[in-house]
Amino acid sequence: MISRRNIRVKVMQTLYALETMEPGAIKPGTATSLLNEKLDQTSQLFTYMLYCLTQVAQYAEIDAQTRASKHLPSAADLQVNTKIAGNEFIFQIINDKGFQVNLEQWKLKHLPEPDLIRKLYNTLTATDIYQQYTQEPGRSKATEKEIMEYVYKEILIKNELFLQHMEDSFLHWSDDAEMMDLLVANYMHKPHLFNFLQLISREKLEYARELLLTVLDKKEYCLELIKPKLQNWDPERIAAVDMLLMEMGVCEFLYFPTIPTKVTINEYIDLAKAYSTPQSGQFVNGILDNILKDLDQANQIKKVDRTKK
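Bear in mind that the values here come from a model prediction, so they are computed numbers and not experimental data.

So, how was this worked out
Residues numbered from 1 in each chain as written. Predicted model: local features only at pLDDT ≥ 70, side-chain atom pairs only at ≥ 80, totals over all residues. Heavy atoms only, no water. Helix = DSSP H or I, 4+ residues; strand = E, 2+ residues; numbered from the N terminus. Contact = heavy atoms within 4.5 Å. Areas by Shrake-Rupley, 256 points an atom, 1.4 Å probe, with all protein chains shown as cover. Lys, Arg positive; Asp, Glu negative; His and termini not counted. Charge placed at Lys NZ, Arg CZ, Asp CG, Glu CD. Core = buried A, V, L, I, M, F, W, Y, C linked by side-chain atoms within 4.5 Å. Buried < 20%, exposed > 50% of the residue type's maximum accessible area, 1.4 Å probe, protein only. Salt bridge = Lys/Arg side-chain N within 4 Å of Asp/Glu carboxyl O. Expected span 1.5 Å × (residues − 1). Phe/Tyr/Trp six-rings, centres within 6.5 Å; stacked < 30°, edge-to-face > 60°. Lys NZ or Arg CZ within 6 Å of the ring centre and 35° of its normal. Axes fitted to C-alpha atoms, helices over the stretch in contact; angles between N-to-C directions. Parallel < 35°, antiparallel > 145°, perpendicular 65-115°, else oblique. Left-handed = near helix turned anticlockwise from the far one by under 90°. Nonpolar A, V, L, I, M, F, W, Y, C, P; charged D, E, K, R; others polar. pLDDT = per-residue confidence, 0-100.

Bringing the overall build of the chain into the picture now. Each helix and strand counted, the chain has 14 helices and zero strands in total. When its C-alpha atoms are laid out on the principal axes, the chain stretches across 80 × 45 × 35 Å. Sequence-distant contacts, at least 24 apart, represent 80% of the contacts inside the chain between residues at least 6 apart. Accessible surface computed for the chain: about 16500 Å², of which carbon and sulfur atoms make up 50%. With 36 positive and 42 negative side-chain charges, the chain shows a spacing of 4 Å between the two charge centroids.

The next subject is the nonpolar core. Within soluble globular proteins, side chains that are nonpolar generally end up buried alongside one another. Of all hydrophobic cores here, the largest spans 100 residues; its most connected members are F46, I84 and M148. Among the elements that make up this core, the one with the highest residue count is helix α2 (residues 30-68) (17 residues). When sequence neighbours within four positions are dropped, the list of residues in contact with M148 reads L53, A57, I84, N87, F89, I90 and M188.

To continue, consider the pattern of salt bridges. Tallying each qualifying case throughout the model produces 17 salt bridges. Among the salt bridges present, the one from D77 reaches R67, with a minimum N-O distance of 2.9 Å. Here R67 lies in helix α2 and D77 lies in the loop between α2 and α3 (88-94), a separation of 10 residues in the sequence. Measuring nitrogen to oxygen at the nearest pair gives 3.5 Å for the salt bridge that ties D289 to K293. One end of the pair is D289 and the other is K293, both in helix α14 (residues 280-297) and four residues apart, which spans about a single turn. Linked by salt bridges that have partners in common, D63, R67, K70 and D77 make up one network.

A few words on helix α5 (residues 114-125). An ideal rise of 1.5 Å per residue puts 16 Å on 12 residues; α5 measures up with 16 Å between its terminal C-alpha atoms. Residues L116, I117, L120, Y121, L124 and T125 constitute the buried set of α5. Residues of α5 that are buried make contact with α2, α6 (128-135), α7 (141-156) and α8 (160-169).

Moving on: the packing of aromatic side chains. Enumeration according to the criterion identifies 10 aromatic pairs in this entry. In this structure, R4 is placed above the aromatic ring of Y207, and the distance from its NZ or CZ to the ring centre is 4.4 Å. Lying across the ring of Y133, K83 places its NZ or CZ 4.5 Å from the centre.

Two quantities define a packed helix pair, namely the angle between the axes and the distance from one axis to the other. Relative to each other, helix α1 (residues 4-19) and helix α12 (residues 240-255) sit at 125°, their axes nearing to 10 Å. One element, α1, and the other, α12, form an angle in the oblique class. Seen from above, α1 lies across α12 with right-handed handedness. Of α12, the residues touching α1 (which contributes R8, V11, M12, L15, Y16 and E19) are A240, V241, L244, L245, M248 and E252. Of the residues in the contact of α1 with α12, the class split is nine nonpolar, no polar and three charged.

Now for the environment of N159. Here N159 shows up in the loop between α7 and α8. Note on N159: relative accessible area 15%, which makes it buried. Expressed as a C-alpha distance, the spacing of N159 and L230, which sit 71 residues apart in the sequence, is 45 Å.

If you check the backbone angles, K107 has positive phi at about 50° while not being a glycine. Mapping K107 onto the fold places it in the loop between α4 (97-105) and α5. Since its relative accessible area comes to 57%, K107 is described here as exposed. One non-glycine residue, N299, adopts positive backbone phi at about 60°. Mapping N299 onto the fold places it in the segment after α14.

Right, let's get into the confidence of the model for the chain. Looking at the chain as a whole, the pLDDT averages 94, with 98% of positions reaching at least 70. Per-element mean pLDDT across the chain ranges from 91 in helix α9 (residues 173-189) up to 98 in α5.

Laid out in structure tokens, this is it:
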């Protein structure tokens with residue numbers, strides 16, 4: 001569910017955090033503890049995104065109660081349609097024990113701003129899609145899913161106030177925003193397959209920890225391979241993120257036999273473009289490509305087919 005690209009980002013961030021720490025502050029277990037915190041951030045965001053969906057949908061009942069309690073309610077005030085508050089996807093989310101555990105553990109219930117939820121709900125109710133949904137008799141799994149997909153894609157993610165709220169509430173929002181689209185879409189498609197308490201598969205969790213610990217353990221050797229390729233570049237002046245990404249790439253070449261070298265290079269080019277300087281993608285590509293050629297010539301690259309492992 002969570003991609004390897006997302007995991008690479010978390011490993012990179014962990015390595016960067018470790019490099020900025022005082023040596024005395026790094027104790028046995030610090031690295032994996034930091035990594036677990038980074039990975040938990042994705043689970044926090046996913047839980048919160050779905051919580052916001054439930055809040056917008058359930059605001060229909062708040063709106064109905066507020067309008068009905070007016071001193072002189074109009075006919076429209078007394079006929080607010082609350083169908084969406086009973087959407088089956090909403091109940092599936094809020095009745096999930098893992099979802100509730102995450103909400104409590106990370107104290108996410110206090111984050112939504114009531115005024116923002118109200119504005120999102122009002123934006124939704126003004127759309128033709130919503131009016132069509134409320135006017136359809138009965139419920140079907142297809143329409144229940146479609147309206148919630150619409151709320152996420154067209155109401156939440158396209159609302160500048162909501163995006164600003166996410167950025168203000170979660171420092172790591174920009175790193176995981178794209179991943180949230182994928183996770184929410186997958187949840188809508190097969191909610192029964194999701195375990196809120198373990199969004200990362202054991203295989204990917206093992207990959208994340210192994211990549212982190214390998215880079216830390218093989219750092220000196222990786223630098224021996226990287227520095228000769230820097231030519232006139234001063235290693236001390238190269239962007240720290242570029243150096244970390246190249247170390248990670250070299251480790252994948254040498255110690256992760258099921259990951260094709262082409263995949264490794266392409267992934268770290270993309271990460272360099274996204275998280276470092278405008279020239280970093282080309283720079284990382286050139287260095288990793290040169291190192292790979294040397295390793296190939298020395299017959300040090302040993303890759304296997306994952307399906308035959």
